[in-house]
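Close look at the chain arrangement
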2 protein chains.
Amino acid sequence: MVDAGLAEVCRETLAEGGLLIPENTVKEWLRDRGVSVPPGRVADTLEMAIEFARKVSYPVVMKLVSDRMLHKTEVRGVVVGIEDESALRRAYHRLEDAADMIPGAPEIYVELQVPPGPEVIVGLQNDEHFGPVLMVGTGGTYTDLLKDVAFRTLPVTETEVLQMLEGLQGWQLLKGFRGAPASNVDSLVKLVTGIAKLGVEIAPFLDSADFNPVIALPGGAWIVDAKITLAREELPDPFAFERPRTDHLGGFFDPASVAVVGASASPGKIGNVVVDSLVNHEFKGKVFPVNPGREEIMGVKCYPSLEALPERPDLVVMVVDLAEGPELLERMASLEIHNLLVISGGGKELGGDREKVEEEMAALARERDVRIVGPNCIGAFDGETRFDSFFYSHERVARPPAGKMACITQSGTWGCAFLEWARTTGVSKMVSYGNRVDVDEGDLIAYLSGDPSTSVIGSYVEGLSGGRKFLAAAKGAAKNGKPVVVFKTGRNERSAEAAVSHTGAYGGSYEVYAGALEQAGIITTDSFHELFGACKALAMQPAAAGPRAAMLSNGAGPMVNALDLFPVRGLELVTLEGESVTKMRDHFSFFYLVENPVDVTGSASAEDYEFVIRTLLADEKVDIIMPFFVFQDTPLDESIVERMELLAGSDKPILGCAIGGDYSRRMSARLEAVGIPVMDDVTQWVAAAAALARWGKVKPKK
Amino acid sequence: MVDAGLAEVCRETLAEGGLLIPENTVKEWLRDRGVSVPPGRVADTLEMAIEFARKVSYPVVMKLVSDRMLHKTEVRGVVVGIEDESALRRAYHRLEDAADMIPGAPEIYVELQVPPGPEVIVGLQNDEHFGPVLMVGTGGTYTDLLKDVAFRTLPVTETEVLQMLEGLQGWQLLKGFRGAPASNVDSLVKLVTGIAKLGVEIAPFLDSADFNPVIALPGGAWIVDAKITLAREELPDPFAFERPRTDHLGGFFDPASVAVVGASASPGKIGNVVVDSLVNHEFKGKVFPVNPGREEIMGVKCYPSLEALPERPDLVVMVVDLAEGPELLERMASLEIHNLLVISGGGKELGGDREKVEEEMAALARERDVRIVGPNCIGAFDGETRFDSFFYSHERVARPPAGKMACITQSGTWGCAFLEWARTTGVSKMVSYGNRVDVDEGDLIAYLSGDPSTSVIGSYVEGLSGGRKFLAAAKGAAKNGKPVVVFKTGRNERSAEAAVSHTGAYGGSYEVYAGALEQAGIITTDSFHELFGACKALAMQPAAAGPRAAMLSNGAGPMVNALDLFPVRGLELVTLEGESVTKMRDHFSFFYLVENPVDVTGSASAEDYEFVIRTLLADEKVDIIMPFFVFQDTPLDESIVERMELLAGSDKPILGCAIGGDYSRRMSARLEAVGIPVMDDVTQWVAAAAALARWGKVKPKK
């Protein structure tokens, strides 16, 4: 029995300069936890080996085990397929000879040989963003070629392990591919969950662990090889993470008064546009331009310093050189101002001294109780208070109305796209946080999770400052009934590098992100357009009870395109039958095609659309209704708006799509005004439908 | 020697009721063609087998060969790993016994055993769309799971075979994966090309042929197993295809006079909108509404029949029930009218009698020298003559100006999107051909290839009527300096089915399409948005000399996104160095990031853009320049338009992208007016850049 002593063994091994837990020890630990490893033992003598082999029966395998050696096959330290005693004797002597040439006094381990079968690899590692994670993948010859792996953060449940396996391409091999018998999945799930538990226990010492191969036979799964490599020093608590902090965050959205440090009188300058955004438009709070060289800007009195202001502002917007940040922070703290929004860039993306300025600001923020958004960002927007600090003139960027969607983003450019696309549907709050020296995505999600005007949160991520913090915040939001939709870029090495130079954020492996986000119930997307579409769908329509979708259109091309994407996104095309078909067949001219997708042809009227959608609403087999509108077709009259308004409040989601020019866009906006979201791209349409189905699975049950 | 007699052997085998060419015969054929098959022979006696094994040396393999048996392993008809004479004797007797139980008097074949190595599968088949095709794929355990295959139409060159192999995921295995020795690729290419040549010879008899596995060793590639299954009857000439026919096609774009059969006086009816499109807008030709029940429509005299018209029209547009089609055709022929455009649907997509109507029309068209576009379509548009037959009112769909892009499409909906998106760039000709009873995509491409106003052809395809015809037309266009860009849907079973009900077109396997289109030098895309973007880029910018791209932006988020897509699309991110870096470093403030992608930050002016682009134009390492414009950023002044105009005529392509609302769209349109294409989506941007690189590889060298 090892149990509580695991940490002790790791600690001792480290103390003795070892970095490896020998295979036999790992297997013993696992055996003690009820994980199926083949019967095996260390054989100090040939006789012990023979006796053991006789007991478990041939064939057996023998290998050298040690806390030093890393590449068993390189030193010919493994003999497989030992069929009888004479072969065993030969193998034993060979291994004895090999052992003499290896430092660390390896021992000979003999175990029952597991017959061939579908191979799985299991791994444990400490990820730099998410801490201890579990990896499961398809094993065998093509492992490295396939890169067919799934990750989850530790700890995991058996259900999560099953989901990991089901998500692999190689899942088909486990389910019995081409007539082969199926593997015992239940046993495999238990085995992987057991490895994960061990991972939790030894996490503070873990560099990486490989269980490769695990063989998943019809009768049960077995760990054939196991290796644990230790970190060079003990990590204090790899599961620890900072909880999201929401204190003072309200000040970024509803400030009664704002000071702009670096306000400028020159049109086109960033410090000028920011003042314009605050002074000349819908924001009702007080605005104090700060610039020692000016008396007034845009007719508003200008002040030489924060100290000279007639009252304490709730928020400071900083547009001056970042190097002035630490001093500004000190002065804000003295004045008890708790919110600083730093638009200025030129921080850690440049490295060196500039990076140090950010570090100093980060430390001061905590010390002096000031929250910072930025630097290197476009700032914040509130749909209700109409606060915004953008250096986008109103002529160039019309601000959207108040709405239910929130957007948090590392990239201001994407944030701007979100605002502009939301002209009809509105935005509750938007924050571009750039280099995120203090307020990060975890803080913002936690804050928005409690914000009554927000019902869905979209998040553009290049890299996270705290992985587990982000996941905890997202889980909290979902629990609160608010879906979190993420679009993550920086997925390959070059793009991750570019993200670093841009906001100083390291991307990390997308596979780890994908698994961790999935596990936290987050809805992931593959473009910003998809992210926006998913947010819009979730803000305007109920979750889908399942993935079974029905489409209808007066032009079929886009539906064929959508169907190509259905399997990739986990949507199912319902086969319509029974009453639905009879009703439509009776109602329509013979040339309407009343199967799914329903092709109402170019002759379709708005009444035809209403009839089909009512039929699909009544059909229990349909979870999501997806009308495509060729608004350009003249027979489709504009009564479609009132008709769709009647249907918009249904508890089954309706998700439209329309593609074209000005008229289509106007009609789409009119439908959105009555509650029907309309996508403008087929990929976005399918992704948004998938988001509704996913949210149906994730959201808390009533 | 078999040579010219191959066809004879196939014919005889069929005559005798055989459907299989025995392995030994296939291997003999291949050996005669210099393809490497292992030494082997039929051994009528045990002694012959022993003698042969001694000659080629052990290990050998023995198997039963016959023109009847299909599953050798099922009847235990193969013995591998025969290491010595005693094992050979045992195996020979076992096979003799097995042979007695099998009809068709199988013989025993003995051959040298090929050692294990990377496995490849090679196949031949007669595809229903493209005729004889060659398939190459990754072999081994996961073949079916990986579905890692490439297709080409026969015949193929060695270069094409090499491209097939390079396109496989499994290519890495052949190049020596994880330190394994590389396979002899040259030998493998020769082997596959040899199989392809055999395929050409026996194509008229071919059902399918499998060469699985082929083992690609460092010393050379070997065909281990070979099987040819014959078609039940000889195909007259599987390589034959109808040549594209362009006769009379001009009549669909530049008719001096048009009759509308089914003209309607009721607003909103299709027959009404078509007359409106022709009569009340820019089309200058004569229009004759035909409707026996009306005196006039929209102030234009109406006629009871074609025969009653004051002159012979060049073109008839048909909006009445399709069942009237054959009679109308007869009457047109009598009047020597050669062009019929059928908007009416309700043809083969409904099956039964309706399908027969189409067949009758198809036959009549040929017989009576009438060309038909449609049925079930929206018709045609000409940017110059302003002819259009759409049932989209001008209020709903503004027609684009004349331009260089042509679009041919099975789906009217996608065609309409193309027109609307082309508001700034213009369209030469657009044709929606729906069920394509006569004029098909091959005819249209051939016609457009000779059309002086068209410089690039976009084609939306659900299924093709004639695969080789299409490929021949596309190759002809490329030779003529006109790229063909294709977006193919109906890629999975369900979507292909939907395409059938929609236009009666069967999709077929996308893998075969992908390979055939690649081989013909066609540019393929994965969405209609990409198709449009690629056409626009190709119409406005020169081809790229290579795949090395450089990006710049005043907002970095979209560039990180683009970089995620670069490897998938075959683009390379150039590392800038030397003079480019020095010049920019000297010129810019320290916080501009002068690596690739170039981040000119939110402070960038139009002059900054011009400076970077001029630097990149002068850098020989850069093949494509990709500026992203955050037009919303106030510092980016509108002199960007004149500055870009100066750069637009460069012989290195410049491809912009901008995302946002009204202002961005206006600015993008202004840039396009001076010759710089601007995409509105990152995926589209990268796809269009890849299209420029691909066209650089495909287009004829001067």
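Treat the numbers as computed from the prediction; the structure is a model and nothing was measured. (Residues numbered from 1 in each chain as written. Chains lettered and ligands numbered in written order. Predicted model: local features only at pLDDT ≥ 70, side-chain atom pairs only at ≥ 80, totals over all residues.)

**Quick word on the overall build of chain A**
Selection criterion: Here a helix means four or more residues in a row that DSSP labels H or I, a strand means two or more in a row labelled E, and each is numbered from the N terminus. In this description, any two residues whose backbone-derived C-beta atoms lie within 7 Å of each other are considered to be in contact.
Scanning chain A from terminus to terminus reveals 23 helices and 30 strands. Considering only C-alpha atoms, chain A reaches an extent of 95 × 80 × 40 Å along its principal axes. The contacts in chain A between residues at least 6 apart in sequence include a share of 72% that link residues at least 24 apart.

**Side note on the relation of the copies chain A and chain B**
How we decide: Only residues with pLDDT of at least 70 in both copies count here: their C-alpha atoms drive the least-squares fit that superposes the copies.
Overlay of chain A on chain B (RMSD 0.1 Å): rotation 180 degrees, translation along the axis 0.0 Å. Seen this way, the second copy is the image of the first under a two-fold rotation axis. A shared interface surface links the copies, since 98% of the contact residues of chain A are contact residues in chain B too.

**Some thoughts on the nonpolar core**
Selection rule: Among buried residues, those of type Ala, Val, Leu, Ile, Met, Phe, Trp, Tyr and Cys that are joined through C-beta atoms within 7 Å form a set called a nonpolar core. Exposure classification rests on a simple neighbour count of other C-beta atoms within 10 Å of a residue's own: a residue reaching 20 or more is buried, one at 12 or fewer is exposed, and one in between is partly exposed. C-beta atoms are placed from the backbone.
Within the largest apolar cluster, 425 residues are counted, with the highest numbers of intra-cluster contacts made by A:V260, A:A689, A:L692, B:V260, B:A689 and B:L692. Sequence-distant contacts of B:L692, that is, excluding residues within four places in its chain, are made with B:A537, B:L538, B:Q541, B:A543, B:A544, B:I624, B:P653 and B:L655.

**What to know about the interface of chain A and chain B**
Across the boundary between the two partners, chain A contributes 80 residues, which contact 79 residues of chain B. It is helix α18 (residues 557-569) of chain A that provides the largest number of residues to the side of chain A that touches chain B, a total of nine residues.

**Digging into helix α8 (residues 185-202) of chain A**
Condition: What a helix is expected to span follows from its residue count: subtract one and scale by 1.5 Å.
An ideal rise of 1.5 Å per residue puts 26 Å on 18 residues; α8(A) measures up with 26 Å between its terminal C-alpha atoms. Of all the positions in α8(A), only A:L188, A:V189, A:L191, A:V192, A:T193, A:G194, A:I195, A:A196, A:L198, A:G199 and A:I202 are classed as buried.

**Overview of the sheet that holds strand β20 (residues 402-409) of chain B**
Residues and elements named next belong to chain B. For clarity, the cut-off: A pair of strands is considered paired only if DSSP assigns at least 2 bridges between the two. For helices, the fitted line uses only the C-alpha atoms of the stretch in contact; every axis is such a line through C-alpha atoms, and the angle between N-to-C directions lies from 0 to 180 degrees.
Ordered in space as β19-β21-β20-β22-β23-β24, the six strands form an open sheet in which the pairing is mixed. Pairing within the sheet leaves two strands with one partner each, and these edge strands are β19 (379-382) and β24 (523-525). Neighbouring strand axes in the sheet, compared pairwise and without regard to direction, differ in orientation by 20 degrees on average. Strand contacts of helix α17 (residues 528-540): β20, β22 (456-461), β23 (484-488) and β24, with the helix running at about 170 degrees to β22, the strand carrying the most contacts.

**Remarks on unusual backbone geometry**
Residues B:Y58 and B:P59 are joined by a peptide bond in cis, for which omega reads -5 degrees. Here B:P59 lies in the loop between α3 (46-56) and β3 (60-65). B:G374 connects to B:P375 through a cis peptide bond whose omega is 0 degrees. Within the secondary structure layout, B:P375 lies in the loop between β18 (371-373) and β19. Phi is positive for A:M298, close to 55 degrees, though the residue is something other than glycine. Of note, A:M298 is situated in the loop between β14 (296-297) and β15 (300-301). Assessed through the 16 C-beta atoms surrounding it within 10 Å, A:M298 is described here as partly exposed. The phi angle at B:R436 is positive, at roughly 55 degrees, despite the residue not being glycine. By secondary structure assignment, the location of B:R436 is in the loop between β21 (427-432) and α13 (441-449).

**Here we look at the packing of α13(B) against helix α14 (residues 467-479) of chain B**
The relative placement of two packed helices is expressed as an angle between their axes plus a distance between the axes. All names here are of chain B. Applied cut-off: Just so you know how the angles are binned, under 35 degrees is roughly parallel, over 145 roughly antiparallel, 65 to 115 roughly perpendicular, and the rest oblique. Crossings are assigned a handedness: left-handed for a near helix turned anticlockwise from the far helix by less than a right angle, right-handed for a clockwise turn. Just so you know the grouping, Ala, Val, Leu, Ile, Met, Phe, Trp, Tyr, Cys and Pro go in nonpolar, Asp, Glu, Lys and Arg go in charged, and all remaining residues, Gly too, go in polar.
Between α13 and α14, the shortest axis-to-axis distance is 8 Å and the interhelical angle comes to 10 degrees. What the angle tells us is that α13 and α14 run roughly parallel. By crossing handedness, the relation of α13 to α14 is classed as left-handed. Contact residues: E441, G442, I445, A446 and S449 in α13; K469, F470, A473, A474, G476 and A477 in α14. Class assignment of the residues belonging to the contact of α13 with α14 gives a composition of six nonpolar, three polar and two charged.

**Here we look at the pairing of strand β25 (residues 548-553) of chain A**
Residue and element names in this part refer to chain A. Note the threshold: Here, the term right-handed applies to a crossover whose path from the first strand over the helix to the second runs clockwise when the strands point away from the viewer.
Across the six residues of β25, five count as buried, placing the element largely inside the fold. Taken together, β25, α18 and strand β26 (residues 572-573) constitute a β-α-β crossover, and its handedness is right-handed. One ladder, built from five bridges, connects β25 with strand β28 (residues 624-628); its direction is parallel. Each residue of the ladder has a partner; that of L552, found in β28, is P627.

**Overview of the packing of helix α20 (residues 606-618) of chain A against helix α21 (residues 640-647) of chain A**
Residues and elements named next belong to chain A. Interaxial distance between α20 and α21 falls to 9 Å at its minimum, and their mutual angle equals 15 degrees. Taken together, the axes of α20 and α21 lie roughly parallel to each other. Relative to α21, the crossing made by α20 is right-handed. In this structure, α20 contributes A606, Y609, E610 and I613 to the contact, and α21 contributes I640, R643 and L647. The residue makeup of the contact of α20 with α21, split by class, is five nonpolar, no polar and two charged.

**Some points on the domain arrangement of chain A**
Many analyses report the size of an interface as the accessible area lost when the parts associate. The following threshold applies: An automatic or database domain assignment is the source of the domain bounds shown.
According to the domain assignment, chain A contains domain 1 (3-112), domain 2 (249-537) and domain 3 (542-698). Spacing between the C-alpha centres of domain 1 of chain A and domain 3 of chain A amounts to 62 Å.

**Points about the sheet that holds strand β2 (residues 40-42) of chain B**
Residue and element names in this part refer to chain B. A sheet is described by the order of its strands in space; here four strands give the open sequence β2-β5-β3-β4, paired in antiparallel fashion. Only two strands of the sheet have a single neighbouring strand rather than two, namely β2 and β4 (78-82). Within this sheet the neighbouring strands show an average axis-to-axis angle of 15 degrees, counted without direction. The pairing of β2 with strand β5 (residues 107-112) spans three bridges and is antiparallel.

**Digging into helix α12 (residues 412-421) of chain A**
Most of α12(A) is tucked away: ten of the ten residues are buried. Buried within α12(A) are the following residues: A:G412, A:T413, A:W414, A:G415, A:C416, A:A417, A:F418, A:L419, A:E420 and A:W421. The inward-facing, buried residues of α12(A) abut β19 (379-382), β20 (402-409), β21 (427-432), β22 (456-461) and α17 (528-540) of chain A together with α18 (557-569) of chain B.

**Some remarks on the environment of B:V42**
Residue and element names in this part refer to chain B. Within the secondary structure, V42 is located in strand β2. For V42 and D97, which are 55 residues apart along the polypeptide, the C-alpha to C-alpha distance reads 16 Å. Dropping the residues within four chain positions of it, V42 is found in contact with N24, E107, I108 and Y109.

**Considerations on the environment of A:Y109**
All names here are of chain A. Relative to the helices and strands, Y109 is located in strand β5 (residues 107-112). The spatial distance from the C-alpha of Y109 to the C-alpha of V641 is 76 Å, given a sequence separation of 532 residues. Look past the residues within four positions of Y109 in its chain and what remains in contact with it is E23, N24, G40, V42, M62, K63 and V65.

**Some words on the confidence of the model for chain A**
Caution applies to low-pLDDT regions: their predicted coordinates should not be interpreted in detail. Residue and element names in this part refer to chain A. Put simply, the test is: A residue's pLDDT is the confidence the predictor assigns to it, expressed on a 0 to 100 scale.
Counting all residues, the mean pLDDT for chain A is 92, and 97% of those residues have values of 70 or more. Counting interchain partners and residues more than four positions distant, the pLDDT-below-50 stretch residues 503-508 has 29 contacts. Predicted as a complex, the structure gets a pTM of 0.94 and an ipTM equal to 0.93.

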